[in-house]
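Take a look at the letters that make up each chain.
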Amino acid sequence: DTIAAPSFTWTSDLDTGMWHAGTDQIGFTTAGVNRMTISSTGISVVGAIEASGNITSTSDARLKENVVTIDSALNKVEQMRGVYFNKIDDETKTRNVGVIAQEMEEVLPEAVHTRENGIKSVAYGNIVGVLIEAIKELKQEIETLKGSLR
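Computed from a prediction, not measured in an experiment: that's the story for all the values here.

### Examining the nonpolar core
And then number 1: In this structure, Met80, Met104, Leu108, Val122, Ile127 and Val130 are the most contacted members of the largest nonpolar core, which totals 14 residues.
And then number 2: Counting residues per element, the ones that place at least two in this core are α1 (73-79), α2 (101-107) and α3 (128-149).
And then number 3: Those residues in contact with Met80 that lie beyond four places of it in its chain are Met104, Val107, Leu108, Ile127 and Val130.

As structure tokens, then:
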């Protein structure tokens, strides 16, 4: 099976359907383009994901060990760079906002994933813990400064 010729299609649309993407993989295609692949390791999607509900990540304390509060969080945030950018393959040149994975990898490697093909992605939700602790550090600095002014 190929992306251009999916195994399961609709009579009126032969470029849309499902196909065997590889060992333990199912691919979904529209207009002859692979849009989603489901494998034993996860789901890969090409394009935007829109949800009418929340997208959550399991975070139950009962599933965690070696829990340590993030230290020097403000220092980590100071090393991060937020950027505006356009995606090279986006013909509409929509302005996006985010970070650069290679830069984030130097500061917070736990938030960066590298695919088999070398392309890097950022788990933006994994940055939240650092931001929370950085705000706490800033609050402590403010309280200390307020105390010295009294």
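That was the structure; now back to the text.
### Side note on the packing of aromatic side chains
And then number 1: Scanning the model with the defined rule gives zero aromatic pairs in all.
And then number 2: In this structure, Arg95 packs its charged tip against the face of Tyr84, placed 3.5 Å from the ring centre.

### Re the side chain of Thr29
And then number 1: Locating Thr29 in the fold gives a position in strand β3 (residues 25-30).
And then number 2: Exposure remark for Thr29: the relative accessible area of 2% places this residue in the buried category.
And then number 3: A polar atom in the side chain of Thr29 sits 2.9 Å from the backbone oxygen of Val33.

### Observations regarding the sheet that holds strand β1 (residues 8-10)
And then number 1: The strand order across the open sheet formed by five strands is β1-β2-β3-β4-β5, and the pairing between neighbours is antiparallel. On the outer flanks of this sheet lie β1 and β5 (42-45), each paired with one strand and no other. Each adjacent strand pair in this sheet contributes to an overall mean axis angle of 15°, direction not counted.
And then number 2: With three bridges joining them, β1 and strand β2 (residues 13-22) adopt antiparallel strand pairing. Bridge pairing links Thr9 to Gly17 in β2.

### Notes on the environment of Trp10
And then number 1: On the secondary structure map, Trp10 appears in strand β1.
And then number 2: Judged by its relative accessible area of 54%, Trp10 is exposed.
And then number 3: Excluding its chain neighbours within four sequence positions, the residues that come into contact with Trp10 are Thr16 and Gly17.

### A closer look at the pattern of salt bridges
And then number 1: As enumerated under the stated definition, the model contains six salt bridges in all.
And then number 2: With its nearest N and O atoms 2.5 Å apart, the salt bridge here joins Asp60 to Arg62.
And then number 3: Judged by its relative accessible area of 28%, Asp60 is partly exposed.
And then number 4: For Glu133, the salt bridge is made with Lys136, and the minimal N-O distance between the two is 3.2 Å. Of this pair, Glu133 and Lys136 both sit in helix α3, separated by three residues, roughly a single helical turn.
And then number 5: When its relative accessible area of 16% is taken as the criterion, Glu133 is described as buried.
And then number 6: Several salt bridges converge on common partners, so that one network encompasses Lys139, Glu143 and Lys146.

Conventions we followed
Residues numbered from 1 in each chain as written. Predicted model: local features only at pLDDT ≥ 70, side-chain atom pairs only at ≥ 80, totals over all residues. Heavy atoms only, no water. Core = buried A, V, L, I, M, F, W, Y, C linked by side-chain atoms within 4.5 Å. Buried < 20%, exposed > 50% of the residue type's maximum accessible area, 1.4 Å probe, protein only. Helix = DSSP H or I, 4+ residues; strand = E, 2+ residues; numbered from the N terminus. Contact = heavy atoms within 4.5 Å. Phe/Tyr/Trp six-rings, centres within 6.5 Å; stacked < 30°, edge-to-face > 60°. Lys NZ or Arg CZ within 6 Å of the ring centre and 35° of its normal. Polar contact = N/O pair within 3.5 Å; in protein donor to acceptor, adjacent residues only side chain to side chain. Pairing = 2+ DSSP bridges. Axes fitted to C-alpha atoms, helices over the stretch in contact; angles between N-to-C directions. Salt bridge = Lys/Arg side-chain N within 4 Å of Asp/Glu carboxyl O.

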